[in-house]
Amino acid sequence: MQNGDTVKILTANNQKPSPEWIKIAQNQRVKNRIKHIVTGMQNRLAEINVNNGIFLKYFYNDNKLQSIKEYMDDELQCTWNIIYDSHAISEIDVKWTEAGALNRKKLTVNPLFFMSKEIANMVCDRKSVKEGEYDETYLFTYKNGDFDNVAQCKMNFQGSEYVVDYKYDKKNNPLCGNFGLFDFDFTKMISQNNIVESVSSSVNQDPAVLKYEYTYLDDYPLTEISKNKEGVILEKITYTYVQ
């Protein structure tokens, strides 16, 4: 192709990326994006068995993850409904059954991470609960045309709103796309790069700042250390990759 050439582009709703595209792409960011999509198409999760009778089932529509159902001892506990806009995941709605709300401490995904201690204790100590009483909604905001990373997540729970703002590095996030890794933060599952800072706030709480430090190998993290604003280490994660 030469500068000024006219190109006709053919599109189709059912067109999927091919691994061969990775060889053609010139930009590393584009290569990573194609690789992520192709890998996701080839290795879609169908079910994860955890332990203690807990398992997750995954449901797709045209290679897009639409929902995840979480069970304990064959009884439905909660459903994650995943909503897309034209660019990326825009919302995740979590619907709890009565049994699920009472078993929250045992389940793999625990959204209590976002909540104050008072609310968390109230949720886990309840003897009974109405269907849908603890449903949650996560709204994701992207900025400056960057749909690779979530800039802000708003969580609505029982009429209270919790807001988390994020900053990222330029390296590859190994957790992206891995719904079911039992992380507290959905944002890690849908962002391409690694979080280096998160600031969470609510009406009744002072902002909570977390800093993340990494060591890398070939643009992927080997270690991840999270610290609070006082510099106290909260967690250390080591990543190991298939050679």
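Structure: above.
The structure presented is a predicted model; accordingly, all values stated were derived computationally and were not measured. In this convention, every chain numbers its residues from 1, walking through the sequence in written order. Reporting of local features is limited, given that this is a predicted model, to residues whose pLDDT is at least 70; pairs of side-chain atoms are given and counted only at 80 or more, and all residues count toward the totals for whole chains, interfaces and linings. Note: side-chain values were computed over all heavy atoms of the structure, leaving out hydrogens and water.

Student: Outline the pattern of salt bridges, listing residues and values.
Tutor: A side-chain nitrogen of Lys or Arg and a carboxyl oxygen of Asp or Glu constitute a salt bridge if their distance falls within 4 Å. The tally for this structure, following the rule as stated, stands at five salt bridges. The shortest N-O distance in the salt bridge between Glu213 and Lys227 comes to 3.4 Å. Taken together, the positions of Glu213 in strand E10 (residues 205-217) and Lys227 in strand E11 (residues 220-228) put the pair 14 residues apart, joining distant regions of the chain. Throughout, exposure labels follow a simple rule: accessible area from a 1.4 Å probe, protein chains only, divided by the maximum for the residue type, with under 20% read as buried, over 50% as exposed, and the rest as partly exposed. The class for Glu213 is partly exposed, based on a relative accessible area of 41%. Taken together, the shared-partner salt bridges in this structure form one network comprising Lys167, Glu197 and Lys211. Each helix is a run of DSSP H or I of at least 4 residues and each strand a run of E of at least 2, with the numbering of both proceeding from the N terminus.

Student: Account for the nonpolar core, with residues named and values stated.
Tutor: Take the buried Ala, Val, Leu, Ile, Met, Phe, Trp, Tyr and Cys residues and link them wherever side-chain atoms come within 4.5 Å; each set so joined is a nonpolar core. The biggest cluster of nonpolar side chains holds 32 residues, and the ones touching the most others in it are Ile92, Val94, Tyr138, Phe140 and Phe186. Should any heavy atoms of two residues lie within 4.5 Å, those residues are considered in contact. Leave out the neighbours within four places in its chain, and Val94 touches Cys78, Thr79, Trp80, Asp135, Glu136, Tyr138 and Phe186.

Student: Help me get a handle on the packing of aromatic side chains, residues and values and all.
Tutor: Here is the rule: rings of Phe, Tyr and Trp (six-membered ring for Trp) pair when centre to centre is within 6.5 Å. Planes less than 30 degrees apart are stacked, more than 60 are edge-to-face, and the remainder are tilted. Taken as a whole, this structure holds three aromatic pairs when the rule is applied. For the pair Tyr166 and Tyr168, a centre-to-centre distance of 6.3 Å together with 35° between the ring planes defines the contact as tilted. Comparing Tyr166 with Tyr168 shows no difference in burial state: the two are buried. Note on geometry: a ring has a charge over it if NZ (lysine) or CZ (arginine) is within 6 Å of the ring centre and within 35 degrees of the ring normal. The ring of Tyr71 has Lys57 sitting right over it, with the charged end atom 5.8 Å from the ring centre. Positioned above the aromatic ring of Tyr216 is the side chain of Lys171, whose terminal nitrogen or guanidinium carbon lies 5.4 Å from the ring centre.

Student: How would you sum up a nonpolar patch on the surface? Please name residues and give values.
Tutor: Only residues whose relative accessible area exceeds 30% and that form no salt bridge enter a patch; like-charged residues are grouped when within 9 Å of one another, and nonpolar side chains (Val, Leu, Ile, Met, Phe, Trp, Tyr) when within 5 Å. Only the protein chains shown count as cover for residues, and the accessible areas themselves come from Shrake-Rupley with a 1.4 Å probe. Taken together, the side chains of Met1, Val7 and Ile9 make up a nonpolar region of the molecular surface, amounting to roughly 400 Å² of accessible area. Within the element layout of this structure, Ile9 appears in the segment before helix H1 (20-24). We classify Ile9 as exposed; its relative accessible area is 68%.

Distances and angles like these do not, on their own, reveal function.
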